Amino acid sequence: MAEPARYAGIPRWVVVVAALGALFVLLPLAAMVTRVNWGEFVGLVTSESSVSALLLSLRTSLAATVLCIVLGVPMALVLARSRFRGQQLLRALVLLPLVLPPVVGGIALLYTFGRRGLVGQTLEGLGISIAFSTTAVVLAQTFVALPFLVLSLEGALRTVGTRYEAVGATLGAGPTTVLRRITLPLVLPALVSGAVLSFARALGEFGATLTFAGSLQGTTRTLPLEIYLQRETSPDTAVALSLVLVVVAVVVVGVAHRAGSTRYLRGAL
């Protein structure tokens, strides 16, 4: 049977407004590209401090993404598959970092894991110091990135429904087997998409990191912090490093969009 023709009757004024929106995003990026010192670009982005910040950002963002997966998958499953009192409030609190100013999140983490924090005091007694360390960077990035994975995965779980899981259960599969063999494969594209978006958010994290982890070269100074510092002393370096982050972000968004498209196509088949 032939596929129905796609409806493409978009009003012209919608196209005009869409073009203005695209220009609003693209013009600042184009302006930044025009300010890049291409003759010294390689030297600027390969300086010792720049490379150190980039490698630290990549390591901590990967670690934060792993934490997001470990913590976010169970959270999404509970929110999508369970019904309990206070569920809506819990969902709102889990997604709070999406709208919370990052510096507020950094302060909250500091008063939780700092030397005199709610949990930090106990950890200090055990000889474990978290604040102003690389671990603090990972925790700050996880705090702001976790909602992206939870939101993406919860939506996918609700979309696929529970019919396949119910069939697996009637055939004698236990809950863990159903989760491993049915649920996770069904939502794998959404999981990949959410993980990629979480990585991108972690890579660009600034406010919570600065507040909770500080800015120590080689230890807590991630690439966004390096850009902020270089903005005052070496604008050319700041612009060059900003371009690197933009390129990484474009690649990440492209991968996430591709994963999302794959999920849509599988759902349509």
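Computed from a predicted structure; not experimentally measured. (Residues numbered from 1 in each chain as written. Predicted model: local features only at pLDDT ≥ 70, side-chain atom pairs only at ≥ 80, totals over all residues. Heavy atoms only, no water.)

(A) Region of the structure containing the overall build of the protein chain. Check the secondary structure of the protein chain and you find 13 helices and 0 strands. Helices and strands appear in the protein chain in the N-to-C order α-α-α-α-α-α-α-α-α-α-α-α-α. Dimensions of the protein chain along its principal axes, counting C-alpha atoms only, are 65 × 60 × 30 Å. Summarising the internal contacts of the protein chain: among those between residues at least 6 apart in sequence, 75% fall at separations of at least 24. Averaged over its 20 positive side-chain charges, the protein chain has a centre that lies 15 Å from the centre of its 10 negative ones. (Helix = DSSP H or I, 4+ residues; strand = E, 2+ residues; numbered from the N terminus. Contact = heavy atoms within 4.5 Å. Lys, Arg positive; Asp, Glu negative; His and termini not counted. Charge placed at Lys NZ, Arg CZ, Asp CG, Glu CD.)

(B) Quick look at the packing of aromatic side chains. Scanning all chains against the criterion turns up 3 aromatic pairs. Seen from their ring centres, tryptophan 38 and phenylalanine 41 are 5.5 Å apart, and the 35° between their planes marks the pair as tilted. Taking 5.3 Å as the distance between ring centres and 55° as the angle between the ring planes, the aromatic pair formed by phenylalanine 206 and tyrosine 228 counts as tilted. Here phenylalanine 206, found in the loop between helix H10 (188-203) and helix H11 (207-213), pairs with tyrosine 228, found in helix H12 (residues 223-233); they are 22 residues apart in sequence, far enough to count as distant. The exposure class assigned to phenylalanine 206 is partly exposed, which follows from its relative accessible area of 28%. For tyrosine 228, a relative accessible area of 43% corresponds to the partly exposed category. (Phe/Tyr/Trp six-rings, centres within 6.5 Å; stacked < 30°, edge-to-face > 60°. Buried < 20%, exposed > 50% of the residue type's maximum accessible area, 1.4 Å probe, protein only.)

(C) Layout of the nonpolar core. Ranked by internal contacts, the top residues of the largest apolar core, which has 23 residues, are Val73, Leu149, Val150, Leu153, Leu157 and Val187. Listed by contribution, the elements that provide at least two residues to this core are helix H3 (48-81), helix H7 (134-160) and H10. Top element by residues in this core is H7. It accounts for 9 residues. If we ignore the near neighbours within four places in the chain, the residues touching leucine 149 are Cys68, Ile69, Gly72, Val73, Leu191, Gly194, Ala195 and Ser198. Grouped together as the second largest cluster of nonpolar side chains are 18 residues, Phe41, Leu44, Ala53 and Val252 included. (Core = buried A, V, L, I, M, F, W, Y, C linked by side-chain atoms within 4.5 Å.)

(D) Spatial organisation of the pattern of salt bridges. This structure, assessed with the given rule, holds 6 salt bridges. For the salt bridge of arginine 91 with glutamate 154, the shortest nitrogen-to-oxygen distance reads 2.6 Å. Linking arginine 91 in helix H4 (residues 87-94) with glutamate 154 in helix H7, this pair joins segments that are 63 residues apart in sequence. Assessed through its relative accessible area of 12%, arginine 91 is described here as buried. (Salt bridge = Lys/Arg side-chain N within 4 Å of Asp/Glu carboxyl O.)

(E) Local environment of the packing of H3 against H12. Axis separation between H3 and H12 bottoms out at 8 Å; the angle between their running directions is 150°. One way to sum up the angle between H3 and H12 is to call them roughly antiparallel. Contacts from Ser49, Ser50, Ala53, Leu54 and Ser57 in H3 reach Leu223, Pro224, Glu226 and Gln230 in H12. Tallied by class, the residues present in the contact of H3 with H12 amount to 4 nonpolar, 4 polar and 1 charged. (Axes fitted to C-alpha atoms, helices over the stretch in contact; angles between N-to-C directions. Parallel < 35°, antiparallel > 145°, perpendicular 65-115°, else oblique. Nonpolar A, V, L, I, M, F, W, Y, C, P; charged D, E, K, R; others polar.)

(F) Representation of unusual backbone geometry in the model. Although it is not a glycine, phenylalanine 132 sits at a positive phi angle of roughly 60°. Structurally, the position occupied by phenylalanine 132 is in the loop between helix H6 (120-125) and H7. Under the relative-accessibility criterion, phenylalanine 132 is labelled partly exposed at 43%.

(G) View of a nonpolar patch on the surface. On the surface, Leu89, Leu93, Leu96, Leu98, Val99 and Leu151 cluster together into a nonpolar patch covering about 560 Å² of accessible area. With respect to the helices, strands and loops of the structure, leucine 89 is situated in helix H4. For leucine 89, a relative accessible area of 57% puts it in the exposed group. (Patch = residues over 30% accessible without salt bridge, like charges linked within 9 Å, V, L, I, M, F, W, Y side chains within 5 Å. Areas by Shrake-Rupley, 256 points an atom, 1.4 Å probe, with all protein chains shown as cover.)

(H) Seen up close, H7. Over its 27 residues, H7 runs 38 Å from end to end, which matches the ideal 39 Å to within 8%, given 1.5 Å per residue. Along H7, the sharpest kink reaches roughly 40°, centred on alanine 145 and followed within four residues by the proline proline 147. The positive-phi residue at the C-terminal boundary of H7 is glycine 161, with phi of around 75°. (Expected span 1.5 Å × (residues − 1). Bend = angle between axes of the 7 residues up to and from the residue.)

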